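Coordinate analysis (summary)
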Amino acid sequence: MPDGLPGLPLPLPAIGGQGHDGDNLPAVPQLPQSQKAAILVRLLLNEDIKLPLQDLPESCQILLTEHMASMRIVKREISRDVAKEFLRELVTIGLTNSRGLEGALSDLEGVINETTIQKMRREIGLKAISDPWLRLERLENEKLRNMLMCESTEIAAVVLSKLSVSRAAELLSSLPGDIARRITWAMSMTGTVSPDAIERIGLSLASQLDSHAPMAFEEAAENRVGAILNQAKAAVRDDLLESLEDEDREFAREVRRSIFTFAHIATRLDPMDVTKILRDVETGAQIDAFAFATADPESDNAKTVEFMLTQMSSRLADSLREDVEARGEVKEEIGEAAMGKIVSELRRLADADEIVLLEIEEEETEKA
């Protein structure tokens, strides 16, 4: 509406009643904006156009209703001029946010940091949670699933009823069959749940999300350390792992489990996937890696080379053996970089689910 009802004066309209009729209406420029708004809403309702007036403050909804109730006869010229004035102002609007800071915070939920939103809400005296169901709708499936698994069947049924159909279907499909059946049956009893109860349930569930402090890192510490050590030189990696053993044996064990080096390929890669790994690694890097790894024939790196060669065609394997022998000694820096390229390609394919790595056994972890 032109100036928005929230900023309008609140005196009762002089339209109709006490001897007033349409002939006594002032010219359009002299009409209060609230009366113009009432005329415009009446025109739109006559055309079966529904407006989201429930988003207005309650005082504005009351004022608008009082204006419409007291309205009797409005001349065609006046209603036409009101509509024209509204359209003139409408076409000049580029952007609008008539809901103030609360509306802006609601629009930014899921876009900016949730902690920041809650802090700003508390500072201006708003509820920390605006629309809990919107937050739950945006929650990733695994988190929402885990939350429902801890709730009663009745609460889960309310949640599914409030979510969008596609979201509810996705969530229901991820639940165990017996739980999904109980929740589906419980939905038949949600018809008598009051709006206040629905709001309390939503606020309670959303508050559970706020009770957990936001995490700075998505990956666990042992995985982050393991990823770093994967790229470190073998001597540095071994030295750091020994130090970790002295400081925290359990953490060191978890770090070892997350580490994947060239030496692990022989025990954790499916033989059928060897050609996939080497397909996009340049031949020169393969020769450097194999030559460096076989410098010590008894090492685990040498066992990996033999493992990979046995999975190739005999012709290709023989050719690589000849190239490795001709290459001779490879410097540590070049050899480790070449092995790193093969491991990086393996990791890339594993992350893309194109290959599956075998789980490392506990005994192997202790030896690694």
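Here the structure is shown first, and the text comes after it.
The structure reproduced in this document is the subject of the present report. (Residues numbered from 1 in each chain as written. Predicted model: local features only at pLDDT ≥ 70, side-chain atom pairs only at ≥ 80, totals over all residues. Heavy atoms only, no water.)

Glancing now at unusual backbone geometry. We note that D48 has phi near 60°; this positive angle belongs to a residue other than glycine. Following the sequence through the fold, D48 ends up in the loop between α1 (33-46) and α2 (58-70). When its relative accessible area of 63% is taken as the criterion, D48 is described as exposed. The backbone phi angle of D353 is positive, close to 60°, even though this residue is not glycine. Relative accessible area serves as the criterion here: at 66%, D353 is assigned to the exposed category. (Helix = DSSP H or I, 4+ residues; strand = E, 2+ residues; numbered from the N terminus. Buried < 20%, exposed > 50% of the residue type's maximum accessible area, 1.4 Å probe, protein only.)

The next thing to look at is the nonpolar core. Counting 33 residues, the largest nonpolar core has F262, I265, L269, F290 and I342 as the members making the most contacts within it. Beyond its immediate chain neighbours, meaning those up to four positions away, I342 contacts F262, I265, I277, L278, V281, A289, F290 and M308. Membership of the second largest hydrophobic core comes to 21 residues, among which are A156, V158, V159 and I198. (Core = buried A, V, L, I, M, F, W, Y, C linked by side-chain atoms within 4.5 Å. Contact = heavy atoms within 4.5 Å.)

The subject of this paragraph is α2. Taking 1.5 Å per residue, 13 residues should reach 18 Å; α2 reaches 19 Å between its end C-alpha atoms and fits that length. Buried within α2 are the following residues: C60, L63, L64, H67 and S70. Viewed along the axis of α2, the buried residues span an arc of 135°, placing them on a single side of the element. Facing away from the buried surface of α2 by more than 90 degrees, the exposed residues are E58, T65 and A69. The inward-facing, buried residues of α2 contact α1. (Expected span 1.5 Å × (residues − 1). Arc of directions from axis to C-beta.)

Let's shift gears to the packing of helix α8 (residues 153-162) against helix α10 (residues 177-186). It is the contact of α8 with α10, at a shortest axis distance of 8 Å, that shows an interaxial angle of 70°. In terms of orientation, α8 and α10 fall into the roughly perpendicular class. Note on element contacts: α10 touches α8 through R182, I183 and A186, opposite T153, A156, A157 and L160. Within the contact of α8 with α10, the residues separate by chemical class into five nonpolar, one polar and one charged. (Axes fitted to C-alpha atoms, helices over the stretch in contact; angles between N-to-C directions. Parallel < 35°, antiparallel > 145°, perpendicular 65-115°, else oblique. Nonpolar A, V, L, I, M, F, W, Y, C, P; charged D, E, K, R; others polar.)

What follows is about the side chain of R268. Structurally, the position occupied by R268 is in helix α15 (residues 265-268). Polar contacts involving the side chain of R268 include one to the main-chain carbonyl oxygen of L358, which spans 2.7 Å. (Polar contact = N/O pair within 3.5 Å; in protein donor to acceptor, adjacent residues only side chain to side chain.)

Before going further, it helps to examine the environment of A157. Looking at the element boundaries, A157 is found in helix α8. For A157 and A180, which are 23 residues apart along the polypeptide, the C-alpha to C-alpha distance reads 9.5 Å. Aside from chain neighbours lying at most four places away, what touches A157 is I183, A186, M187 and T190.

Let's shift gears to the side chain of Q286. Structurally, Q286 is set in helix α17 (residues 283-293). Given the relative accessible area of 8%, Q286 is considered buried. At a separation of 3.2 Å, a polar atom in the side chain of Q286 contacts the main-chain carbonyl oxygen of L278. In terms of polar contacts, Q286 uses its side chain to reach the backbone carbonyl oxygen of V281, at 2.8 Å. The residues touching Q286, leaving out its near neighbours within four places in the chain, are L278, V281 and L320.

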